[in-house]
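# Descriptive structure summary
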Amino acid sequence: MAAPKTKSPDGQKAAGRVAGVLTTAIPVLLLTALAAGAGTLWGMRVVGTVEDTVKHRLEEATPHVVVNPALTGTYVLKKLSPVVTNLAGPGNAWVRLEASLVMEQKAAETADPLAGAITEDILAFLRSVTAAQMQGAAGLKNLREDLSERVAIRSKGVVRDIVIETLVIQ
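Conventions and cut-offs
- Residues numbered from 1 in each chain as written.
- Predicted model: local features only at pLDDT ≥ 70, side-chain atom pairs only at ≥ 80, totals over all residues.
- Heavy atoms only, no water.
- Salt bridge = Lys/Arg side-chain N within 4 Å of Asp/Glu carboxyl O.
- Helix = DSSP H or I, 4+ residues; strand = E, 2+ residues; numbered from the N terminus.
- Buried < 20%, exposed > 50% of the residue type's maximum accessible area, 1.4 Å probe, protein only.
- Axes fitted to C-alpha atoms, helices over the stretch in contact; angles between N-to-C directions.
- Parallel < 35°, antiparallel > 145°, perpendicular 65-115°, else oblique.
- Left-handed = near helix turned anticlockwise from the far one by under 90°.
- Contact = heavy atoms within 4.5 Å.
- Patch = residues over 30% accessible without salt bridge, like charges linked within 9 Å, V, L, I, M, F, W, Y side chains within 5 Å.
- Areas by Shrake-Rupley, 256 points an atom, 1.4 Å probe, with all protein chains shown as cover.
- Expected span 1.5 Å × (residues − 1).
- pLDDT = per-residue confidence, 0-100.
- Core = buried A, V, L, I, M, F, W, Y, C linked by side-chain atoms within 4.5 Å.

### Observations concerning the pattern of salt bridges
Counted according to the given criterion, the structure contains eight salt bridges. With a closest N to O distance of 2.6 Å, Glu165 and Lys79 form a salt bridge. Taken together, the residues span a long stretch of sequence, with Glu165 in strand 4 (residues 159-169) and Lys79 in strand 1 (residues 75-79) at a distance of 86 residues. Residue Lys79 is classed as partly exposed on the basis of its relative accessible area of 49%. Between Glu104 and Arg160 there is a salt bridge, with the nearest N and O atoms lying 3.5 Å from each other. Pair noted here: Glu104 is in strand 3 (residues 94-104) and Arg160 is in strand 4, with a separation of 56 residues, a long-range link. When its relative accessible area of 51% is taken as the criterion, Arg160 is described as exposed.

In structure tokens:
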């Protein structure tokens, strides 16, 4: 007869460890998968709810503006080419002015020669101005008034106003 095999105490400990790890790891993995699935489903639901809420609030916040056709007019901006020139004083001061003319759309279609003449007038005027005359809000206001007056004279009423887009003095 053969002697029955007896397990060594080290073999029993190793088998017990593997069984303990498996009994702990399997529930942890199952709970992790369950939590990931539940989180994904919950996240998809929340994202859909947030998107609907945002769309609803944007629709409510958008003002419904009724445009009065009598007030719309047909005015357009005719952009002038930038004017870069030196100033009357100090000797090393330069100015760059970008402006647009406010005029009716029909007049703007054929206003290239007029825009060129107005640009020349602005250039000549800026050469006679000092940097000190354009300082501050009052200086900018005076410059705009002077340019508006010159534009009105040159255009004979075709141009309604001038818009100074950028003014850089260096």
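Don't stop here, the text continues.
### With respect to the packing of helix 4 (residues 112-127) against helix 5 (residues 136-155)
Contact pair helix 4 / helix 5: the axes reach a minimum separation of 10 Å and the direction vectors enclose 140°. Between helix 4 and helix 5, the crossing angle belongs to the class labelled oblique. Both helix 4 and helix 5 take part in a crossing whose hand is right-handed. Judged by residue contacts, Leu114, Ala117, Ile118, Asp121, Ile122, Phe125 and Leu126 of helix 4 engage Leu143, Asp146, Leu147, Arg150, Val151, Arg154 and Ser155 from helix 5.

### Some words on a nonpolar patch on the surface
Residues Trp42, Val46, Val50, Val54 and Leu58 make up a contiguous nonpolar surface patch of roughly 480 Å² in combined accessible area. Note that Leu58 resides in helix 1 (residues 9-61). Under the relative-accessibility criterion, Leu58 is labelled exposed at 55%.

### Brief notes about helix 4
Helix length check: helix 4, at 16 residues, gives a terminal C-alpha distance of 23 Å against a target of 22 Å (1.5 Å per residue), a fit within 8%. Those residues of helix 4 that are buried lie in contact with strand 2 (83-86), strand 3, helix 5 and strand 4.

### Some remarks on the confidence of the model for the protein
Scored by pLDDT, the protein has a mean of 85; 86% of the residues are at 70 or more. Confidence, expressed as mean pLDDT per element, reaches its minimum in the protein at helix 2 (residues 69-72) with 60 and its maximum at strand 2 with 95.

### Here we look at the nonpolar core
Among the nonpolar cores identified, the biggest contains 26 residues, and Ile118, Ile122, Leu126 and Leu147 are the most heavily contacted of them. When contributions to this core are tallied by element, the ones reaching two or more residues are strand 3, helix 4, helix 5 and strand 4. The element that contributes the greatest number of residues to this core is helix 4, accounting for six residues. Apart from the residues lying within four places of it in its own chain, the contact partners of Leu147 are Leu97, Ile122, Phe125, Ile162 and Ile164.

### Here we look at the environment of Ala99
The residue Ala99 is located in strand 3 in this model. For Ala99, a relative accessible area of 3% corresponds to the buried category. Distance in space between the C-alpha atoms of Ala99 and Ile162 is 6.8 Å, their sequence separation being 63 residues. Ala99 has contacts with Lys79, Leu80, Ile162, Val163, Ile164 and Glu165, leaving out every residue within four places of it along the chain.

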